[in-house]
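Observations on the model geometry
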Amino acid sequence: MNILAICGSLRAASLNAMLIRALCKLASDDIRINTYAGMAALPLFNPDLDLTPPASVVELKTQIRASDVVLIASPEYAHGITGVMKNALDWTVSSDVFVNKPVIVLNTSPRATHADAALREILSVMSAHIMEGASIKVPVVGAGLDEDGIVSDQIIATSLRIALIAARAEWKLYQNRLDSGH
């Protein structure tokens, strides 16, 4: 299974980016996680450019299409998703890249309920398939953990491994349903 991981933060010390890097270390050999590195290169969304999008937008859509699953880890700012995350999603609205795309939503703060709900709503409107069994809250905020700390924390690491196992199982079931026309 190929997962494209998208971090909704540009911050160098982002907990969401640390979580994604830790997840890469915890993934089994049959799960490949590629981290999207072009978030900062995306220009502000402009529908006038939809017919001839910038190369960075084409690359984002190409990577989403090529993935089996998209994983999004994004912080909450002022009770909403980050501007960079919303901007990236806006660039994909006029395409079908998220239609029936399995998506995992990770939340690093149990208190960040508004952004989590908003992100899920946006993805649902875009016809993405949110993988509920793999979409978890990971209590990293305030824990003082870096990516190695996340990997070595038995409770968090186990939760992340279980989420990946659930993602693989749900992805296989979902693919079978799509293949059979249901």
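Calculation rules
- Residues numbered from 1 in each chain as written.
- Predicted model: local features only at pLDDT ≥ 70, side-chain atom pairs only at ≥ 80, totals over all residues.
- Heavy atoms only, no water.
- Helix = DSSP H or I, 4+ residues; strand = E, 2+ residues; numbered from the N terminus.
- Rg over C-alpha atoms; globule rule 2.2 N^0.38 Å.
- Buried < 20%, exposed > 50% of the residue type's maximum accessible area, 1.4 Å probe, protein only.
- Contact = heavy atoms within 4.5 Å.
- Areas by Shrake-Rupley, 256 points an atom, 1.4 Å probe, with all protein chains shown as cover.
- Lys, Arg positive; Asp, Glu negative; His and termini not counted.
- Charge placed at Lys NZ, Arg CZ, Asp CG, Glu CD.
- Polar contact = N/O pair within 3.5 Å; in protein donor to acceptor, adjacent residues only side chain to side chain.

Some remarks on the overall build of the chain
Counting secondary structure elements, the chain contains six helices and seven strands. Along the chain, helices and strands appear, N-terminal first, in the series β-α-β-α-β-β-β-α-β-α-β-α-α. Its C-alpha atoms give the chain a radius of gyration of 16 Å, within 12% of the compact-globule value 16 Å for 182 residues. Burial statistics for the chain: of 182 residues in total, 48% are counted as buried. Counting contacts in the chain only where the partners sit at least 6 residues apart, residues at least 24 apart contribute 82% of the total. A total accessible area of about 8,800 Å² is found for the chain, and carbon and sulfur atoms account for 56% of it. The positive charge centre, built from 15 side chains, and the negative charge centre, built from 18, are 3 Å apart in the chain.

Some thoughts on the environment of Asp-96
Of note, Asp-96 is situated in the loop between helix H3 (83-92) and strand S6 (102-106). Through-space distance from the C-alpha of Asp-96 to that of Ala-128 is 9.5 Å; in sequence the pair is 32 residues apart. One polar contact links Asp-96 to Arg-65, side chain to side chain, over a distance of 2.9 Å.

Some details on the side chain of Thr-92
Along the chain, Thr-92 falls in helix H3. Take Thr-92: its relative accessible area is 1%, and that puts it in the buried class. Of the polar contacts made by the side chain of Thr-92, one reaches the backbone oxygen of Leu-89; its length is 2.7 Å. Beyond its immediate sequence surroundings of up to four residues, Thr-92 is in contact with Leu-60, Lys-61, Ile-64, Val-97, Phe-98 and Met-126.

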